[in-house]
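Commentary on secondary and tertiary structure
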Amino acid sequence: QVTLHAGAELNAHQVNQYTLTLRAVCPGEEEVVERLFIRVTAGQMLHCNAPFNRPGGDVVQVSADVAPQTPLYVVLPQPLGGLTVSGDCPRVPQLQNQDTPLLLTQQGLVQAPANGFPPSKDTPRENHMFRLEIEVMDRHGHNCSGTVTVEVLPSQRPSVTFLKRQQAVTVPEDTSPLEVIMQVFATGDNVRYAIFAPAGPVLFTINEVTGEIRSTHRLKVTHTRLLVHAYNSLYPVDHDTATVNITVQGTDQRAPSCVPAIYVSQVPETVSLGSTLVTLRCTNPAGTKDCLHYSLEGPPASLSYFHMQGPQLQVNATLDYDSEAMAAVGFQFTATIVVTAGRQSPWSTRVPVLLTVTPVNEFTPTCPSGADFTVLETAGFGSIVGHVTGSDRDYPPGSLEYSLEGDTGPMQPFSIDTRTGDIRVVGLLDSRQQKSYRLTVRLTDTHNDLDPAKRRSCLCNVVLHLQAVPNQAPVCTPEVQELQILAALGSRQPVTHLACQGSPDNAILAYAIIGGNEDGHFQMEGNTLFQLPSDFTEPRTFVLLVEVQGSPSVLHHSTMVALVVHVTPRIIPVSPSTTTQHMMPQKEPLVITRTEVAWHPPAWFVTVLTVSSALLLATLGCIVWSL
């Protein structure tokens, strides 16, 4: 009987056959030797990882602030054939089966609880150890089992905590809607606020980001107890609750009464220091002889620009509309004037103040330092040839308009963009008629004053110098050539050199074949015409048109050269009775010069001739009719 060793592990991918040699002998007989072959085949056995199936199991440490349903551990990758994973949480110390928050999926994933781990301040620390005994079974009945211990470590991020869990505030009756009653604050990350109780009536609302509690209605005498909930928006299980008691007291009828009860006004930025904006007329209905005391409350910006001088609200600093500090506050200031009567038990009245600073057009636009531009006389219609950039110290920046002064009729070849200051070509430029143009540009500021009619402007001089561009077409000698060549074999061969001269003499010329080279047998390189290798069997004649251009900026100034090229094959086929090769002699080029005479009358001559003909016909018609 041959058995497998208890500690042996078979792996068909490493050793798939074993050969055993067996020896047997009986007394008085010869020894018998035989061999036993054991073949190992691959099976669907399950193998659990060593940390998982060892006696103590595997241990996973996670932070308490992991996201809900985060994968914490993989029991076993799913093999071919499918797995059935079942989990069991037995009764162990400090753990109840029904209280186990961990999740085990059919794919063998151990996940965090659906709502995340509870924060440490609400749950005892000893409950942060969870043990799972897991059995893995496939469809063939093979199984493996092991244990996983999940240790939840304390969170490293600060938990959400109210600095004051019990707060109380007293507000007067008839408090206006949306007025700030108080503000709560909690420490932590991504803190948001919400009111949990009471559910109704809704007398107060809270800003979920800042924690400011505001009234939703005009308040009457009452007492309200609010439960304010602060939580981490990314981990809602991290939360804290505070209690806020709000008492609305009746308005003391002996408080001062003031006219106006609210002050809204616009203040120009040029108002002088110490100017009085409003004088409150307040009386004490109680009839006491107590003096009235005036104070100003509000944001630091408002307190730095304004102050109270008795019942007068005065300007304390320069209101510069063109400064960044003024733009940062939106050109508006809010404050509250508190009028108090008495000292022992003060009775007060609050007067809201809203002040808007308005702009004043104080500064005149300034011209740029340099405004001289050079323009090619061949600049196309609509092309930008210059740019005028003015400046203005008034706010807002970039509110200038540009316009041309003087003659802006059809003879003016330039225009300016009213918003950007770009100078564009809108007419014909000719340096022979006028070498330069002097433009007068008016800069006018807009939107710099509360009154749109109050504008300031200045005049700027802009000089545009026209740069002449050579307008003579290249001259080629001769303009027509007739050439007789042999077909090129093996490599390209030069055919002829064009003798052309541009204006000025050192101008670079460009040569291009624009006709007659449809088969691509010729190529221009500089002023040299090359023939490319070809297998001509019969003589052929090509008429090539070569365009010679001058300056690239003046593409319409060009000259045409005609080349008549007769190509003769290298070998002329003859009758089979002879092997003599006849070479065609190369003829001298034949130069043909053709002169065309054309008359182009001016436009005025054509107009006069047309009008005269019409008058003559009308006169003849009148004579015939009278006869």
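Here the structure is a predicted model, which is why all the values come from computation and not from measurement.

So, the overall build of the chain
Regarding its fold elements, the chain presents four helices and 44 strands. Counted over contacts in the chain with a minimum sequence separation of 6, partners at least 24 positions apart contribute 65%.

Brief notes about the pattern of salt bridges
Charged atoms that come close allow side chains of opposite charge to pair. One pass over the structure, following the stated rule, counts nine salt bridges. When the shortest N-O distance is used, the salt bridge between Arg540 and Asp519 registers 3.3 Å. Here Arg540 is found in strand S42 (residues 540–549), whereas its partner Asp519 is found in the loop between strand S39 (510–515) and strand S40 (522–525), with 21 residues between them in sequence. Take Arg540: its relative accessible area is 34%, and that puts it in the partly exposed class.

Observations regarding the environment of Thr222
Among the structural elements, Thr222 can be located in strand S17 (residues 222–232). In sequence terms Thr222 and Val248 are 26 residues apart; their C-alpha atoms lie 5.2 Å from each other. Sequence-distant contacts of Thr222, defined by excluding residues within four places in its chain, comprise Ile246, Thr247 and Val248.

Observations regarding the packing of aromatic side chains
If you walk through the whole model with that rule in mind, you get 10 aromatic pairs. Centre to centre, the rings of Phe306 and Phe333 are 5.5 Å apart; their planes meet at 75°, and the pair counts as edge-to-face. Within this pair, whereas Phe306 is found in strand S24 (residues 306–309), its partner Phe333 is found in strand S26 (residues 332–341), the two being separated by 27 residues in sequence. Here Phe333 falls in the buried class, since its relative accessible area comes to 2%. Centroid distance Tyr321 to Tyr395: 5.8 Å. Interplanar angle 70°. Geometry classified as edge-to-face. Here Tyr321 is found in the loop between strand S25 (312–315) and helix H3 (324–328), whereas its partner Tyr395 is found in the loop between strand S29 (384–387) and strand S30 (400–404), with 74 residues between them in sequence. Among the aromatic residues, ring-to-ring pairing joins Tyr305, Phe306 and Phe333 into one connected group. Here Arg492 stacks its cationic end above the ring of Phe530, 4.0 Å away from the centre of that ring.

So, the nonpolar core
Of all hydrophobic cores here, the largest spans 26 residues; its most connected members are Leu277, Phe306, Leu313, Leu319, Ile337 and Leu355. Of all elements in the fold, only strand S20 (263–268), strand S21 (276–279), S24, S25, S26 and strand S27 (347–358) reach the threshold of two or more residues within this core. Setting aside anything within four residues of it in sequence, one finds Leu319 in contact with Val267, Pro268, Glu269, Val271, Tyr305, Phe306, Met326 and Val357. Among the nonpolar cores identified, the runner-up in size contains 22 residues, and Tyr402, Ile416, Leu443 and Cys458 belong to it.

Notes on the UniProt feature "transmembrane region" (unreviewed entry) in the chain
Here the UniProt-annotated "transmembrane region" (unreviewed entry) positions come out as residues 603–625. For residues 603–625, helix accounts for 100% and strand for 0%, while the C-alpha atoms at its two ends are 34 Å apart.

Examining unusual backbone geometry
For the peptide bond that leads from Tyr395 to Pro396, omega is 0°, which places it in the cis range. Along the chain, the position of Pro396 falls in the loop between S29 and S30. At the junction of Thr477 and Pro478, the peptide bond is cis and its omega measures out at -5° in the coordinates. Of note in the backbone geometry, Leu178 takes a positive phi value of approximately 65° without being a glycine. Among the structural elements, Leu178 can be located in the loop between strand S11 (166–172) and strand S12 (180–183). Classification of Leu178 by relative accessible area gives exposed; the value is 54%.

A short note on the state of the cysteines
Summed over the entire model, instances satisfying the criterion amount to three disulfides. Two residues, Cys367 and Cys460, share a disulfide whose sulfurs are 1.8 Å apart. One disulfide, between Cys367 and Cys460, carries an S-S torsion of -90° and so falls in the left-handed class. In this pair, Cys367 is assigned in the loop between S27 and strand S28 (372–376) and Cys460 in strand S34 (residues 457–467), connecting sequence segments 93 residues apart. On the accessibility criterion, Cys367 (33% relative accessible area) is partly exposed. Here Cys476 connects covalently by a disulfide to Cys500, the sulfurs 2.0 Å from one another. Where Cys476 bonds to Cys500 through sulfur, the torsion about that S-S bond is close to 110°, and the disulfide is right-handed. Here Cys500 lies in strand S38 (residues 500–501) and Cys476 lies in strand S35 (residues 475–476), a separation of 24 residues in the sequence. Of the two residues examined, Cys476 and Cys500, each falls in the buried class.

A short note on the pairing of S27
Across six bridges, the pairing between S20 and S27 is parallel. Bridge assignment links Gln266 to a residue of S27, and that residue is Thr356. Bridging between S26 and S27 involves 10 bridges; their strand directions are antiparallel. From the neighbouring strand, Ile337 faces S27, where its bridge partner is Val351.

Describing a nonpolar patch on the surface
Together, Val2, Leu4, Leu10, Val15, Tyr18 and Ile38 make up an exposed nonpolar region whose accessible area comes to about 510 Å². Mapped onto the secondary structure, Leu4 falls in the segment before strand S1 (17–24).

As for the sheet that holds strand S37 (residues 493–497)
With respect to topology, three strands assemble into an open sheet ordered S37-S41-S40, the strand pairing being antiparallel. One side of each edge strand has no neighbouring strand; the edge strands of this open sheet are S37 and S40. The mean inter-strand angle of the sheet, taken between neighbouring strand axes irrespective of direction, is 30°. Strand direction decides the pairing type here: S37 and strand S41 (residues 528–531), joined by four bridges, are antiparallel. Residue pairing in the sheet places His497 in a bridge with Thr528 of S41.

Thresholds applied
- Residues numbered from 1 in each chain as written.
- Predicted model: local features only at pLDDT ≥ 70, side-chain atom pairs only at ≥ 80, totals over all residues.
- Heavy atoms only, no water.
- Helix = DSSP H or I, 4+ residues; strand = E, 2+ residues; numbered from the N terminus.
- Contact = heavy atoms within 4.5 Å.
- Salt bridge = Lys/Arg side-chain N within 4 Å of Asp/Glu carboxyl O.
- Buried < 20%, exposed > 50% of the residue type's maximum accessible area, 1.4 Å probe, protein only.
- Phe/Tyr/Trp six-rings, centres within 6.5 Å; stacked < 30°, edge-to-face > 60°.
- Lys NZ or Arg CZ within 6 Å of the ring centre and 35° of its normal.
- Core = buried A, V, L, I, M, F, W, Y, C linked by side-chain atoms within 4.5 Å.
- UniProt positions renumbered as here; feature names shortened; annotations may be inferred.
- Disulfide = S-S within 2.5 Å.
- Pairing = 2+ DSSP bridges.
- Patch = residues over 30% accessible without salt bridge, like charges linked within 9 Å, V, L, I, M, F, W, Y side chains within 5 Å.
- Areas by Shrake-Rupley, 256 points an atom, 1.4 Å probe, with all protein chains shown as cover.
- Axes fitted to C-alpha atoms, helices over the stretch in contact; angles between N-to-C directions.

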